[in-house]
Amino acid sequence: GLKKYEKFVRITTEAEAELKASSNGLKKLEENIVIETDASLAFSHLQSKVQDMARASGIAITSIRPLPPVSYNGYTGLPIFIDGTCGISPLGNYLEALDSPRSFIQVGELEVSAAPQNMLRIKLQLTGLKKT
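Draft legend 1. Local environment of the overall build of the chain. The helix and strand inventory of the chain stands at three helices and five strands. Counting over 132 residues, the chain shows a buried share of 29%. Here the contacts in the chain between residues at least 6 apart in sequence split such that 62% fall between residues at least 24 apart. A total of about 8,800 Å² of accessible surface is found on the chain, and carbon and sulfur atoms cover 56% of it.

Draft legend 2. Structural detail: the pattern of salt bridges. Using the criterion set out here, one finds two salt bridges in the structure. Here Asp52 ties to Arg55 by a salt bridge, and the two come within 3.2 Å at their closest N and O atoms. Residue Asp52 and its partner Arg55 are located together in helix α2 (residues 39-57), separated by three residues, close to a single helical turn. You can call Asp52 partly exposed: its relative accessible area is 45%. Notably, a salt bridge pairs Asp83 with Arg121, separated by 2.5 Å at the nearest N-O pair. Of the two residues, Asp83 sits in strand β3 (residues 75-86) while Arg121 sits in strand β5 (residues 119-131), which places them 38 residues apart along the sequence.

Draft legend 3. Quick look at unusual backbone geometry. Within the chain, Gln117 stands out as a residue other than glycine whose phi angle is a positive 60 degrees. Relative to the helices and strands, Gln117 resides in the loop between β4 (105-115) and β5. With relative accessibility at 74%, the residue Gln117 sits in the exposed group. Despite not being glycine, Asn118 has its phi angle at roughly 55 degrees, a positive value. Within the secondary structure, Asn118 is located in the loop between β4 and β5.

Draft legend 4. Structural detail: the nonpolar core. Val50, Ile82, Tyr94, Leu98, Ile105 and Leu126 are the most contacted members of the largest nonpolar core, which has 20 residues in total. Going through the elements one at a time, α2, β3, α3 (88-98) and β5 are the ones with two or more residues in this core. Per element, the largest residue contribution to this core is six residues, and it comes from α2. Not counting residues within four places of it along the chain, the set of residues in contact with Leu98 comprises Met53, Ser103, Ile105, Val107, Leu124 and Leu126.

Rules of the game
Residues numbered from 1 in each chain as written. Predicted model: local features only at pLDDT ≥ 70, side-chain atom pairs only at ≥ 80, totals over all residues. Heavy atoms only, no water. Helix = DSSP H or I, 4+ residues; strand = E, 2+ residues; numbered from the N terminus. Buried < 20%, exposed > 50% of the residue type's maximum accessible area, 1.4 Å probe, protein only. Contact = heavy atoms within 4.5 Å. Areas by Shrake-Rupley, 256 points an atom, 1.4 Å probe, with all protein chains shown as cover. Salt bridge = Lys/Arg side-chain N within 4 Å of Asp/Glu carboxyl O. Core = buried A, V, L, I, M, F, W, Y, C linked by side-chain atoms within 4.5 Å.

Okay, here's the thing in structure tokens:
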């Protein structure tokens, strides 16, 4: 009986530690989603973040516009459409930045076509998350 009880206590303690670590991990990840409750403020925040990341990567955005929000379980998806120009390397840098675990921005659609002067024209749909 005692060995069984000790094993139960050990497993329970390990499970509690894992649960706490998962909870802390989720809180840390949620710090990277959009926190504004108002949809227009949330889109504005996301748009700024997306533009700053694009500029830092070397992408020239020619237009950017929000698309209708999408509801998920406990979250709202905030889709944004971007039209811009860049070289292949800046596009790679931008996609890599978007793929960061801290960005919480999903790439939905990406269309790439040739543009003058060895540039690429990109059409990109990104979706950020906000807690509902």
